[in-house]
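Structural overview for review
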Amino acid sequence: GGGGGQSSHSAWALDPLLSDALFRGGEAAKDPQAGAASMPPKEVRRRFLKRLEQWTRVSGGALEKPMHARGEPPKVVLTTEQRRGHSVTCVAELAAYSIDPYTAARELAGVCGATANVEEEALKSGVQKRVVSVQGLWDRSITEWLPAEDRA
């Protein structure tokens, strides 16, 4: 038989385990598809991924083993400022990726061909905030330097 154009893969049967994974919790009562016996594979995938908790894995740099953290990846803060009539590019929050700011300053001085140093600021919590500042507008070069994996 030629069939009617519908393949057997157009919908997946939802057994109790899969149904629970897709519709668990209070959302099930509001979802019109909660009692469905079958569903297209793309919709199953979309719903399943939506229910997963986001995690971030950070590895490399000075880390001996990978770090796992719940939620969004930490953000490195890259800003440009005018100081005494000169442009300065600042990089903060490198510690989240175990990048030593002093090593970063040395490397960025070479990459950018400009003076780079580490500014330390004591926060109210007692933590030292270290920001790498590079003389000039180097946001693009620093953005390209950041993901480099050959740092040790």
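Residues numbered from 1 in each chain as written. Predicted model: local features only at pLDDT ≥ 70, side-chain atom pairs only at ≥ 80, totals over all residues. Heavy atoms only, no water.

1. Looking at the sheet that holds strand β7 (residues 116-122)
Neighbouring strands of a sheet are bound in pairs by backbone hydrogen bonds; such pairs are parallel or else antiparallel. Across the sheet, which stays open at both edges, the 4 strands sit in the order β5-β6-β8-β7 with antiparallel pairing between neighbours. Two strands lie at the open edges of the sheet, namely β5 (77-83) and β7, each paired on one side alone. The average undirected angle you get between the axes of adjacent strands in this sheet is 30°. Across 4 bridges, the pairing between strand β6 (residues 86-92) and strand β8 (residues 128-135) is antiparallel. Residue T89 lies in a different strand from β8, and its bridge partner there is V134. Against the sheet, helix α4 (residues 101-112) touches β6, β7 and β8, its axis set at about 10° to β8. (Pairing = 2+ DSSP bridges. Helix = DSSP H or I, 4+ residues; strand = E, 2+ residues; numbered from the N terminus. Axes fitted to C-alpha atoms, helices over the stretch in contact; angles between N-to-C directions. Contact = heavy atoms within 4.5 Å.)

2. Topic: the pairing of β6
Counting buried residues along β6, 5 of its 7 residues qualify, which places the element largely inside the surrounding structure. Of the pairings in the sheet, the one linking β5 to β6 comprises 7 bridges and is antiparallel in character. When the bridges of β6 are listed, Q82 appears paired with S87. (Buried < 20%, exposed > 50% of the residue type's maximum accessible area, 1.4 Å probe, protein only.)

3. Overview of the confidence of the model for the protein
On average, residues of the protein score 82 in pLDDT, and 86% of them reach the 70 mark or higher. Counting interchain partners and residues more than four positions distant, the pLDDT-below-50 stretch residues 1-6 has 0 contacts. (pLDDT = per-residue confidence, 0-100.)

4. Focus: the packing of helix α1 (residues 16-23) against helix α3 (residues 41-51)
Two elements in contact, α1 and α3, have axes whose closest approach is 8 Å; the angle formed by their N-to-C orientations is 55°. Judged on the interaxial angle alone, α3 and α1 are oblique. Of the residues in α3, those touching α1 at L18, A21, L22 and F23 are V44, R47, F48 and R51. Of the residues in the contact of α1 with α3, the class split is 6 nonpolar, no polar and 2 charged. (Parallel < 35°, antiparallel > 145°, perpendicular 65-115°, else oblique. Nonpolar A, V, L, I, M, F, W, Y, C, P; charged D, E, K, R; others polar.)

5. Comments concerning α4
Here α4 contains 12 residues, and its C-alpha end-to-end distance of 16 Å stays within 8% of the 16 Å for a straight helix at 1.5 Å per residue. What α4 keeps buried is the set P101, A104, A105, L108 and C112. All buried residues of α4 project into a common sector of 100° when viewed along the axis, lining one side. Exposed residues lying more than 90 degrees from the buried face of α4 are R106 and G110. The first or second residue beyond α4 is G113, which carries a positive phi of 65°. (Expected span 1.5 Å × (residues − 1). Arc of directions from axis to C-beta.)

6. Digging into the environment of A114
Relative to the helices and strands, A114 is located in the loop between α4 and β7. When its relative accessible area of 17% is taken as the criterion, A114 is described as buried. Sequence separation between A114 and W138 is 24 residues, and the spatial gap between their C-alpha atoms is 9.2 Å. Other than its neighbours up to four places away in sequence, A114 contacts A109, V134, Q135 and W138.

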